[in-house]
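Examining the three-dimensional arrangement
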Amino acid sequence: MIRRASLVLVGALMGATAMSVIYSAGVPAEAAGSSTYKELSIFGDVFERVRAQYVTPPAEDKLIENAINGMLSSLDPHSSYMNAKDAEDMRTQTKGEFGGLGIEVTMEDDLVKVITPIDDTPAAKAGVLAGDYISEIDGQSVRGLKLEDAVEKMRGAVNTPIKLTLIRKGADKPIELTIVRDVVAVQAVKSRVEDDVGYLRIISFTEKTYPDMEKAIKKIKDTVPADKLKGYVLDLRLNPGGLLDQAINVSDALLERGEVVSTRGRNPDETRRFNAGPGDLTDGKPVIVLINGGSASASEIVAGALQDLRRATILGTRSFGKGSVQTIIPLGENGALRLTTALYYTPSGRSIQGTGITPDIKVDEPLPQELQGKMVTEGESSLRGHIKGQSETDEGSGSVAYVPPDPKDDVQLNYALDLLRGKKTDPAFPPNPDKAVVAK
């Protein structure tokens, strides 16, 4: 099996657009024509006029940064300039760990609400509980702050202290805690046993994804005897993407052979192919993959590979349709350039850019009454200025991205469980690997 086979990364976990990236030390460029340099001189003239004569003194670095982003955003939604801070944030996200407290939070009633403290983290050890409201951070009220700003304040260098003021139901006064930040590892894979079925949810594709998946499958095997285990559900819903080598490793963990994905740039010699090797961590057990409109980029690589090679049945609704690849070009201390340089293709040779992965078995997830009419279906095809896919139609890509918080209410998950247990049948399950669809 391929484990750390590639320098390529796909999906930088930046929300629904789930951009794809490749690290590169440098990219060869052709010299521009003389007319281009004349236009650049005009840009220099405009910059000097704005810098010298605008009604209030502008921040020159911001002027340049915005000009660069204006150029890149005119290309497609995923090309952009990352300043030093943005580039560092991206590296932190793909690494899957950071200096912080170890709590999952949301915003409620202008306060930061703790969804859950992560086990064995500074917050859990200090006594932070699920349901606590954070009213102050280092003596500053959180009211008026955006959630991302509050999170930024709570993250920081390892071994530095932070003071939190908590409001807890049942407590007669606010609780003040001083917590020392430590390295927090973000769990990339969550798992559990559903009686006789192993459930694996991949949250994102970081450096920890394959190791977490390997541990999760071992734990499931240790819990359920092989003769009792009906199979696995691999949940990729709401997964925006991540590292390409991890997408390849996750696919390879379930495959014995075959091409997982290829990337193709402007020039034919830029084509790269990534193949699976022998070794199936699930010992050939049936697998059903769940996808929805929130499954993008690296998630679609896994779903597309397992679908084309007939290793798993794909169930749910159409995925996001993010099929382009971005190259990350470091710019020294000034950040990095993120530039679209290729498209990726599934083993059958199809590009999912602007179309997404169509499930083998379409099962809609009903929206609760309070969300009906309030959730917008978005996909790559709906992004302004997106690269039109070779197979893109007016139907576009994407679907509703909703997963019920309670598994008992999860129609897609329970449909998959019924298939694995034989309570439901469908021609698409189980798939036949002998009928794999690959490019000729």
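The rules behind these values
- Residues numbered from 1 in each chain as written.
- Predicted model: local features only at pLDDT ≥ 70, side-chain atom pairs only at ≥ 80, totals over all residues.
- Heavy atoms only, no water.
- Phe/Tyr/Trp six-rings, centres within 6.5 Å; stacked < 30°, edge-to-face > 60°.
- Lys NZ or Arg CZ within 6 Å of the ring centre and 35° of its normal.
- Pairing = 2+ DSSP bridges.
- Helix = DSSP H or I, 4+ residues; strand = E, 2+ residues; numbered from the N terminus.
- Contact = heavy atoms within 4.5 Å.
- Axes fitted to C-alpha atoms, helices over the stretch in contact; angles between N-to-C directions.
- Buried < 20%, exposed > 50% of the residue type's maximum accessible area, 1.4 Å probe, protein only.
- Parallel < 35°, antiparallel > 145°, perpendicular 65-115°, else oblique.
- Left-handed = near helix turned anticlockwise from the far one by under 90°.
- Core = buried A, V, L, I, M, F, W, Y, C linked by side-chain atoms within 4.5 Å.
- Domains from an automatic or database assignment.
- UniProt positions renumbered as here; feature names shortened; annotations may be inferred.

**Remarks on the packing of aromatic side chains**
- Enumeration according to the criterion identifies zero aromatic pairs in this entry.
- The ring of Tyr199 carries Arg192 above its face, with NZ or CZ at 4.0 Å from the centroid.

**A closer look at the sheet that holds strand S13 (residues 197-202)**
- The six strands lie next to each other as S12-S13-S14-S17-S18-S21, forming an open sheet whose pairing is mixed. In this open sheet, the two strands that pair with only one neighbour each are strand S12 (189-194) and strand S21 (361-362).
- Bridge count for strand S14 (residues 231-235) against strand S17 (residues 287-291) is four bridges, and the pairing is parallel. Bridging from a neighbouring strand, Leu234 pairs with Val289 of S17.
- With respect to the sheet, helix H6 (residues 209-223) is in contact with S12, S13 and S14, its orientation differing from that of S12 by roughly 15°.

**What to know about the pairing of strand S20 (residues 336-345)**
- Counting buried residues in S20 gives eight out of 10 residues, a clear majority hidden from the surface.
- Pairing between strand S15 (residues 259-265) and S20: four bridges, direction antiparallel. Within S20, the residue paired with Arg264 across the bridge is Leu343.
- Across seven bridges, the pairing between strand S19 (residues 324-330) and S20 is antiparallel. Opposite Pro330, over in S20, you have Ala336 as the bridge partner.
- Joining the antiparallel neighbours S19 and S20 is a turn of five residues, in which Gly332 adopts a positive phi near 65°.

**Here's the deal with the packing of helix H7 (residues 244-252) against helix H8 (residues 298-308)**
- Packing of H7 against H8 brings their axes to within 9 Å, and their N-to-C directions diverge by 30°. Between H7 and H8, the crossing angle belongs to the class labelled roughly parallel. Remark: the crossing between H7 and H8 carries right-handed chirality. Taking contact as the criterion, the partners of Leu244, Ala247, Val250 and Ser251 in H7 are, on H8, Ala298, Ile301, Val302, Ala305 and Leu306.

**Things to note about the nonpolar core**
- The biggest cluster of nonpolar side chains holds 44 residues, and the ones touching the most others in it are Leu234 and Val289.
- With six residues, the top contributor of residues to this core is H8.
- Setting aside residues no more than four positions away along its own chain, Leu234 makes contact with Leu200, Ile202, Val250, Leu254, Val287, Ile288, Val289, Leu290, Val302 and Leu306.
- Counting residues in each nonpolar core, the second largest holds 18 residues, with Leu101, Val112, Val142 and Ala150 among its members.

**Details of the domain arrangement of the protein chain**
- Split by domain assignment, the protein chain resolves into domain 1 (96-183) and domain 2 (187-433).
- Placing a centre on the C-alpha atoms of domain 1 and another on those of domain 2 gives a separation of 32 Å.

**As for the UniProt feature "domain: PDZ" (unreviewed entry) in the protein chain**
- Mapped onto the present numbering, the UniProt feature "domain: PDZ" (unreviewed entry) falls on residues 87-157.
- Secondary structure across residues 87-157 divides into 31% helix and 34% strand, with the first and last C-alpha atoms of the span separated by 17 Å.

**Side note on the environment of Arg318**
- With respect to the helices and strands, Arg318 occurs in the loop between strand S18 (313-316) and S19.
- Residue Arg318 is classed as buried on the basis of its relative accessible area of 17%.
- Considering only alpha carbons, one finds Arg318 and Ser41, 277 residues apart in sequence, at a separation of 47 Å.
- Residues within four places of Arg318 in sequence aside, it is in contact with Asn292, Gly293, Thr355, Gly356, Ile357, Thr358, Pro359, Glu395, Gly396, Ser397, Gly398 and Ser399.

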